[in-house]
Amino acid sequence: MSTEDSPAGFDLDGAWRLDDRVSIRPERFGALLYHFGTRRLSFLKSPTLLTVVRGLAEQPDARTACAEAGVGAGELPRYRAALAALAASRMIEPRSR
Amino acid sequence: MSLVDEFQYGLDAPICLTWELTYACNLSCVHCLSSSGRRDPRELSTVECKALIDEFERMQVFYVNIGGGEPTVRPDFWELVDYATEHHVGVKFSTNGVKITPEVARRLAGSDYVDVQISLDGATAEVNDHVRGPGSYDTAIRAMRHLADAGFENFKISVVMTRHNVGQLGEFKAIADRYGAQLRITRLRPSGRGADTWDELHPTAAQQRALYDWLVAHGENVLTGDSFFHLAGYGEGDLPGLNLCGAGRVVCLVDPVGDVYACPFAIHDTFLAGNVRGGGGFTSVWRESELFTSLRSPQSGGACESCSAFDACRGGCMAAKFFTGLPLDGPDPECVRGHGELALAGVTSVPKPSLDHSHRRRPVPVTIGMRRPPDRACDENPLAGFRR
């Protein structure tokens, strides 16, 4: 998913968005993310995760963004871990509802 | 496929690239990768540079590492930095600090999209100036003070690891902490003028081991540009980073005249992929050049493939091998298992540099007083005094 270790805890029922300073570049394996503020690079190692991340801002919560992207219940823990890692590296941030 | 595999086979656009804007430099560092000094008259013009930035934007290159030479001596330097950031291409630039005045520092502190690396190769003036020239330590420290005073947080202090400064890691860290900067250390390469000084400057085997241990212990807070992947061969702790040679696969170098090389350490015809002034621009060099296509195909590790460390170090650095006269499918000259040292013993010739923009004479401080009187009246012949 993402290369960074995922710290426990990510609020799937919270509303999230991509940080304004993050640039996404789709790749055949998923996407590259670059944060101009922290100057850090991250990887999305699946096209589905890219769809999830792009959908975050339009969906009421992360759980819905995952469902809309076709993530099944069995896969949800992996996606939750990947989103947690992205939140820890400030690629995505909570938004007020 | 793992990410490392994905990267080995290359991306449609580099993640980042090094762009040396000029070969002109006020210094003459003895290990300069690009043998810089004098400006090349064929340097890309402002208009050509902007067109190249447009191309980077279209390819979604996240950022460019601008270097030189000393890039800030180009009169259009700030114009190009502004143009890049306005076009969503981030800029990290390396400088010896000569143009970082308080005004410039304040301006830099105001942008998220510009990062600064101050080169410093000794934690003391004595060690630094031996490599970078008299006064260069003070220039760098003054630039750091201006950046810190302007509130620029986390600029980088960029150190090339040598035999003389590898024992100063703690002191470098202290300097970085003092100015609110982040330490970045990179490997000395036998490239450019570094070919002439590598024997004297490259860390000893024992120093390499100490450096590895230090990186494993402190590496999370220190940047390395992944440049020590040959040390992954020690294999006893996780070296942070992907530890992959990205040359021609995820990174490359554009030089001041628009020549595209596989990496910043490989300025030689052997690693020249094309020129951005060609019909297809940078994009076609990146995507279609013969050299880059071949670098993206599986590489032979030669004798190294039977070594248990091969999966970790992948045979080390292509440029380091090339410029020390070693075969590309053999061990790195600084192979942690000692295979490089053995191989070096058998080297009979090393490649000649393709380019040299060094100052014709090393700059010397102006001395006032008498020149040495000629031995004889006709002693102005350059060969006078030459003894067989």
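Every residue gets a number counted from 1 within its own chain, in the order that chain's sequence is written. Written order determines the labels here, with chains lettered from A and ligands numbered from 1. Under the rules for a predicted model, residues below a pLDDT of 70 receive no local features and side-chain atom pairs below 80 are neither given nor counted, while totals for whole chains, interfaces and linings still include all residues.

(A) Examining the packing of helix α2 (residues 46–59) of chain B against helix α3 (residues 77–86) of chain B more closely. Residue and element names in this part refer to chain B. What counts as an axis is a line fitted to C-alpha atoms, over the stretch in contact for a helix, and the angles between N-to-C directions run from 0 to 180 degrees. A run of H or I in DSSP counts as a helix once it spans at least four residues, and a run of E counts as a strand once it spans at least two, with each numbered from the N terminus. It is at 10 Å that the axes of α2 and α3 come closest, and there the two elements cross at 20°. Comparing the axis directions of α2 and α3 gives the class roughly parallel. Note that α2 runs across α3; the crossing there is right-handed. Contacts between α2 and α3 pair T46, C49, K50 and I53 from the former with E79, L80, Y83 and A84 from the latter. Under the scheme applied here, ten amino acids are nonpolar (Ala, Val, Leu, Ile, Met, Phe, Trp, Tyr, Cys and Pro), four are charged (Asp, Glu, Lys and Arg), and all others, including Gly, are polar. Within the contact of α2 with α3, the residues separate by chemical class into five nonpolar, one polar and two charged. Geometric relationships in this document are graded by angle, where less than 35 degrees denotes roughly parallel, more than 145 denotes roughly antiparallel, 65 to 115 denotes roughly perpendicular, and other angles denote oblique. For a crossing to be left-handed, the near helix must be turned anticlockwise from the far one by less than a right angle; the clockwise case is right-handed. Any pair of residues counts as being in contact when their C-beta atoms, constructed from backbone geometry, are within 7 Å of one another.

(B) Fine view of the sheet that holds strand β5 (residues 156–161) of chain B. All names here are of chain B. Spatial ordering of the open sheet is given by β6-β5-β4-β3-β2-β1-β7-β8-β9, a layout of nine strands whose pairing is mixed. Of all the strands in the sheet, just β6 (182–187) and β9 (272–275) have a single pairing partner and so form its edges. Pairing between strand β3 (residues 90–95) and strand β4 (residues 114–119): five bridges, direction parallel. For T95, the partnering residue across the bridge sits in β4 and is I118. Note on pairing: DSSP must find at least two bridges between two strands before they are called paired.

(C) Focus on unusual backbone geometry. The linkage connecting B:G68 with the following residue, B:G69, adopts the cis geometry, with an omega of 15°. For B:G69, the location among the structural elements is in the loop between β2 (63–67) and α3. For A:R39, which is not a glycine, the phi torsion comes out positive at approximately 60°. On the secondary structure map, A:R39 appears in the loop between β3 (30–35) and β4 (40–44). Located in the positive-phi region is B:R314, a residue other than glycine, with phi close to 55°. For B:R314, the position within the fold is in the loop between α12 (310–313) and α13 (318–323).

(D) Summary view of the nonpolar core. Membership of the largest hydrophobic core comes to 131 residues, with the highest contact counts inside it found for B:V64, B:Y261, B:C263 and B:A266. No other element matches helix α3 (residues 76–88) of chain A, which puts seven residues into this core. Beyond its immediate chain neighbours, meaning those up to four positions away, B:A266 contacts B:S191, B:A247, B:Y261, B:F271, B:M318 and B:A319. Any nonpolar core is a set of buried residues, restricted to Ala, Val, Leu, Ile, Met, Phe, Trp, Tyr and Cys, that join up through C-beta atoms within 7 Å. Using C-beta atoms placed from the backbone, we call a residue buried if 20 or more other C-beta atoms fall within 10 Å of its own, exposed if 12 or fewer do, and partly exposed for counts in between.

(E) How the structure looks around α2(B). Residues and elements named next belong to chain B. What a helix should span is 1.5 Å times the count of its residues minus one. With 14 residues, α2 ought to run about 20 Å at 1.5 Å a step, and its terminal C-alpha atoms sit 20 Å apart, in line with that. Along α2, the residues that are buried comprise C49, L52, I53 and F56. Seen along its axis, α2 keeps its buried residues to an arc of 105°; they face one direction. Each element contacted by the buried residues of α2 is listed here: β2, α3 and α10 (281–288). What the arc describes is the spread of directions from the helix axis to the C-beta atoms.

(F) Examining the environment of B:G278 more closely. Relative to the assigned elements, B:G278 resides in the loop between β9 and α10. As for B:G278 and B:P240, which are separated by 38 residues in sequence, their C-alpha atoms are 38 Å apart.

(G) How the structure looks around the pairing of β3(B). Residues and elements named next belong to chain B. Within β3, six of the six residues are buried, which leaves the element mostly enclosed by the surrounding structure. Burial along β3 is two-sided: the residues G90, K92 and S94 and V91, F93 and T95 are all buried. Here β2 pairs with β3 via four bridges, running parallel. Among the inter-strand pairings, I66 is bridged to a residue of β3, identified as F93. When the strands point away from the viewer, a crossover counts as right-handed if the route from the first strand across the helix to the second turns clockwise. For the crossover from β2 across α3 to β3, the handedness is right-handed. Taking the sense of rotation as the criterion, the β-α-β connection linking β3, helix α4 (residues 102–109) and β4 turns out right-handed.

(H) Representation of the packing of helix α5 (residues 125–132) of chain B against helix α6 (residues 136–149) of chain B within the structure. Residues and elements named next belong to chain B. The N-to-C vectors of α5 and α6 enclose an angle of 110°; their axes lie 8 Å apart at closest approach. When the interaxial angle is binned, α5 and α6 end up roughly perpendicular. The residues of α6 that touch α5, namely those facing A125, N128, D129 and R132, are S136, Y137 and D138. Classifying every residue of the contact of α5 with α6 gives two nonpolar, two polar and three charged.

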